[in-house]
Amino acid sequence: MKRILTGLALAAAATLVTATPAHAAPVNPAKALQKQFVKGHGVRISEKSRMSVDGKSLGTSTTTGRLEFGKSGIVASDIRTSSPKGSLSSLFAAPPRIISIDGHSYVQGGLYSEDLPDGKKWVRYSGQPSGSTYNQLIDIFEPKVLKLVLSHAKSSKSGLYKGSVTYKDLAKAYGSRLDGSFAKIKIDYALKTNSKGLITSLTSSWGLDFGILGNSRSTTETRYVGWGSKVSIKAPSKSVWIDVKDLGEDSDVPQEIPDNALKEIPEGSLNSLAN
């Protein structure tokens, strides 16, 4: 009997000890992210995006990259994207590789490497580094966007934030405007954090019925690894790049590089498709 009582007492004590952390308030992901902004450090990303029409897969786009931080956010990025034909990123000519640093973006591959002058391997554009990829509509490094998804989510003790926002609300957080039928499209998301409140993965999905063009569905999962690791990103050597302005009007190289798929959509263009 003594052993049983002792065992019960130990079990009860263990339960109390293990249960205590569960009552601790979860770490705010936005505050945890701010603490990561240390010069010379950053994070790595890996991503898979799948799109289908009427249940038929259009393939999987993959993205990998590194983000370098400064005291107030991202100061440089190096992103690589591989896209099958028919995906969102291929539809909008997402660059296979793009390095952004010091107010410029250097692009290489696909349309951006055709008919370049001898010795030139990169095309330079004006552009700031960003934490967004082309397929992931939700950019956690945009303060207003992160605030939006956190405020619309239900948090759990395991660090999972699940919720949904409309295209209209998300566009507004990016500083854009979207009206009409497409503004009502719902984007479902699941954001996971670790014990420190750092985001480890973000999955977003949306569906759209284009009528006779078919029912489309897209799901993108982005993983964030190596928070706080040392990251150093450099611009390509001046000898191997050419500014897009110096290519001339007859060049087949795009005069501009696309932004995130949602931010790239001109006002009214989606609405015209829906009508």
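What comes next is a walk through the structure. On a predicted model such as this, the values are computed, not experimentally measured, just so you know. (Residues numbered from 1 in each chain as written. Predicted model: local features only at pLDDT ≥ 70, side-chain atom pairs only at ≥ 80, totals over all residues. Heavy atoms only, no water.)

Topic: the overall build of the chain
(1) Moving on: Looking only at helices and strands, one finds seven helices and twelve strands in the chain.
(2) Moving on: Counting the 275 residues in the chain, one finds 43% classified as buried.
(3) Moving on: Put simply, of all contacts in the chain between residues at least 6 apart along the chain, 59% involve residues at least 24 apart.
(4) Moving on: For the chain, the accessible area works out to roughly 15,500 Å², and carbon and sulfur atoms hold 54% of it. (Helix = DSSP H or I, 4+ residues; strand = E, 2+ residues; numbered from the N terminus. Buried < 20%, exposed > 50% of the residue type's maximum accessible area, 1.4 Å probe, protein only. Contact = heavy atoms within 4.5 Å. Areas by Shrake-Rupley, 256 points an atom, 1.4 Å probe, with all protein chains shown as cover.)

Focus: the side chain of Asp139
(1) Moving on: Position of Asp139 relative to the elements: it lies in the loop between strand 6 (122-126) and helix 4 (143-151).
(2) Moving on: Here Asp139 is in contact with Ser130, Gly131, Ser132, Val145, Leu146 and Tyr174, once residues within four sequence places are set aside.

Concerning the nonpolar core
As a rule of thumb, nonpolar side chains are buried together in soluble globular proteins.
(1) Moving on: Among the nonpolar cores identified, the biggest contains 51 residues, and Phe141 and Tyr224 are the most heavily contacted of them.
(2) Moving on: Among residues more than four places away in sequence, those in contact with Tyr224 are Val43, Arg44, Ile45, Ile140, Phe141, Ile199, Thr200, Ser201 and Leu202. (Core = buried A, V, L, I, M, F, W, Y, C linked by side-chain atoms within 4.5 Å.)

Considerations on the pairing of strand 3 (residues 74-82)
(1) Moving on: Inspection of the sheet shows strand 2 (residues 56-69) paired to strand 3 by eight bridges, in the antiparallel sense. The partner of Thr64 across the bridge, within strand 3, is Arg80. (Pairing = 2+ DSSP bridges.)

Observations regarding the sheet that holds strand 10 (residues 199-209)
(1) Moving on: Here twelve strands make up an open sheet; going across it, the order is 7-8-9-10-11-1-2-3-4-5-6-12 and the pairing mixed. Sheet topology places strand 7 (153-155) and strand 12 (241-243) at the edges, where each strand pairs with a single neighbour. Adjacent strand axes in the sheet meet at a mean angle of 20 degrees when their direction is disregarded.
(2) Moving on: Summarising the sheet, strand 7 and strand 8 (residues 160-166) pair through three bridges and their orientation is antiparallel. Directly across from Lys154, in strand 8, lies its bridge partner Lys162. (Axes fitted to C-alpha atoms, helices over the stretch in contact; angles between N-to-C directions.)

A closer look at the environment of Ile138
(1) Moving on: In this structure, Ile138 sits in the loop between strand 6 and helix 4.
(2) Moving on: Once residues within four sequence positions are removed from consideration, Ile138 is found in contact with Val145, Val149, Leu170, Tyr174, Tyr189, Leu202 and Ser204.

Concerning unusual backbone geometry
(1) Moving on: The phi angle at Asp54 is positive, at roughly 55 degrees, despite the residue not being glycine.
(2) Moving on: Relative to the elements of secondary structure, Asp54 occurs in the loop between strand 1 (41-53) and strand 2.
(3) Moving on: A relative accessible area of 59% places Asp54 in the exposed class.
(4) Moving on: Phi at Asp102 takes a positive value of approximately 55 degrees, unusual for a residue other than glycine.
(5) Moving on: Along the polypeptide, Asp102 turns up in the loop between strand 4 (97-101) and strand 5 (104-108).
(6) Moving on: Judged by its relative accessible area of 68%, Asp102 is exposed.

What to know about a negative patch on the surface
(1) Moving on: Together, Glu114, Asp115, Glu249, Asp250 and Asp252 line one region of the surface with negative charge.
(2) Moving on: Within the element layout of this structure, Asp252 appears in the loop between strand 12 and helix 6 (261-264). (Patch = residues over 30% accessible without salt bridge, like charges linked within 9 Å, V, L, I, M, F, W, Y side chains within 5 Å. Salt bridge = Lys/Arg side-chain N within 4 Å of Asp/Glu carboxyl O. Lys, Arg positive; Asp, Glu negative; His and termini not counted. Charge placed at Lys NZ, Arg CZ, Asp CG, Glu CD.)

Note that all results are geometric; they support no functional claim without further evidence.
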